[in-house]
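Residue strings, one per chain:
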Amino acid sequence: MSSTVSPLAPKNVPDMPVIAGIRLATAEAGIRYKNRTDVLLAVMDKGTAVAGVFTKSKCPSAPVEWCRAKLKGGKARALVVNSGNANAFTGKTGRASTALTAKIAAKAVGCSESEIFLASTGVIGEPLDATKFDGVLGRLAETAEAGDYLAAAKAIMTTDTFPKVATATVKLGKAKVTINGMAKGAGMIAPDMATMLSFIFTDAPIAPAALQALLKAGVEDTFNAVTIDGDTSTSDTLLAFATGAAAAHGAPKISRASDPRLKAFVKAFNQVLANLAEQVARDGEGARKLVEITVEGAKTKASARKIAMSIANSPLVKTAIAGEDANWGRVVMAVGKAGEPADRDKLSISFNGIRVAKSGARDPSYDEAQVSEAMKAPEIAIKVSLGLGKGRDRVMTCDLTKEYVAINGDYRS
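No experiment lies behind these values; they were computed from the predicted model shown.

### Digging into the domain arrangement of the chain
Here's step 1: Segmentation of the chain into domains returns domain 1 (22–283) and domain 2 (290–410).
Here's step 2: With both chains or domains summed, domain 1 and domain 2 bury close to 1,200 Å², and 51% of this area falls on carbon and sulfur atoms.
Here's step 3: When the buried surface of domain 1 facing domain 2 is broken down by residue, Ala225, Thr227 and Ile228 rank first, second and third, together holding 38% of it.
Here's step 4: Among the ionic pairs, Arg305 bridges to Asp221, the shortest N-O distance being 2.9 Å.
Here's step 5: Between the two partners, domain 1 and domain 2, sit eleven residue pairs in polar contact (both at pLDDT 80 or more).
Here's step 6: Broken down by class, the residue content of the side of domain 1 that touches domain 2 amounts to four nonpolar, four polar and five charged.

### Things to note about the sheet that holds strand β11 (residues 354–358)
Here's step 1: Strand order in this open sheet of six strands is β12-β11-β10-β13-β9-β14, and the pairing throughout is mixed. Edge strands, defined here as strands with exactly one partner in the open sheet, are β12 (361–362) and β14 (391–398).
Here's step 2: Both strand β10 (residues 348–351) and β11 contribute to a ladder of three bridges, which runs antiparallel. Looking at β11, one finds that Phe351 is bridged to Ile354.
Here's step 3: Packing of helix α8 (residues 315–322) onto the sheet brings it into contact with β9 (290–298), β13 (379–385) and β14, and relative to β13 it is tilted by some 135 degrees.
Here's step 4: Along the sheet, helix α9 (residues 328–337) makes contact with β10, β11, β12 and β13, crossing β10 at roughly 130 degrees.

### Things to note about the packing of helix α2 (residues 91–109) against helix α3 (residues 136–143)
Here's step 1: Interhelical geometry of α2 versus α3 gives an angle of 35 degrees and a closest axis separation of 8 Å. The hand of the α2/α3 crossing is right-handed. Along the contact surface, α2 presents Thr101, Ile104, Ala105 and Ala108, while α3 presents Leu137, Gly138 and Ala141.
Here's step 2: The class makeup of the residues in the contact of α2 with α3 is five nonpolar, two polar and no charged.

Cut-offs used in this document
Residues numbered from 1 in each chain as written. Predicted model: local features only at pLDDT ≥ 70, side-chain atom pairs only at ≥ 80, totals over all residues. Heavy atoms only, no water. Domains from an automatic or database assignment. Buried area = accessible area lost by both parts, 1.4 Å probe. Salt bridge = Lys/Arg side-chain N within 4 Å of Asp/Glu carboxyl O. Polar contact = N/O pair within 3.5 Å; in protein donor to acceptor, adjacent residues only side chain to side chain. Nonpolar A, V, L, I, M, F, W, Y, C, P; charged D, E, K, R; others polar. Pairing = 2+ DSSP bridges. Helix = DSSP H or I, 4+ residues; strand = E, 2+ residues; numbered from the N terminus. Contact = heavy atoms within 4.5 Å. Axes fitted to C-alpha atoms, helices over the stretch in contact; angles between N-to-C directions. Left-handed = near helix turned anticlockwise from the far one by under 90°.

If you want it as structure tokens, here you go:
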């Protein structure tokens, strides 16, 4: 966790309302860090529905495997998250640690171990001493309150420079329902499902299968459209919890994701996901520029996504942006290597609304001074027009600075 906050951090942090059926508490368990909170316990009322999406890495962490197995039950009573140790690539020891953590948490909350969900973030390959949770989780279960999401978000940070939270309120039937979310992530971000860790809470009465469908669809143009460095974590976990408490105030019980009464809720739900995903991009390790890449005129949306990600993950493009250089040649390179349909002579490129290349060559009106001034802005929009079809997509990333190398060179020390 950095003591220097990213210059791209949001200027305003939202007030996070209470959600009925959710209680939170944090503590210092001494997993890796000293003098800071590193464990979060979220306690949910009985009957809370759960949904999740996880990393597609073939080397997933032990908590990811645990959650995948328990997700089939569709119900949750508690979430335990620790920072400082990912409990990944830890073999039988890692699986034993998840089982012990769940056992301690289940006893503290008073529920079945199958209703405990786990997430860990931090160093890969080091055993997690789950005995450090003994006593801590019991105390947290007793002191948990319906409230401090910001403190919860701080407890799950690693190289993050600021806690990431978002909220939305919307009508569902006759009731007002709330959606709160938190996330952590700054490096090893090319999610292919979600971000490193993110948790969404709502009081809407939504059945597990419907919540799962909403979550799976929601990540595609939010967390799956963010990259920091092209590396997919072993620990990527996005869990959503729905307590159903709003049913007592007139919210209808939802069993299908296609229920037309969910229209406003889905929009708000996806806005929370998008907000958190953008905050991850704003907190990219060493980032000084937030970069939005839009590709239009592709053969398909999927093709546009691949090209946009090729640009977003290019070290040459990202370092040029860090140097405030509108080097469209590097964008051309990234388009060409993506392996998707492209026609050099139809290609147009712009930076922050200024077209620098048209029809496969430098734009006739190109003005170096004008573009150089535009590249000094903290937010950079790159637009690529392929001229081949109607496919369009957008991804978020950041620049690549010397500080990224310093952070990751010193990560374990």
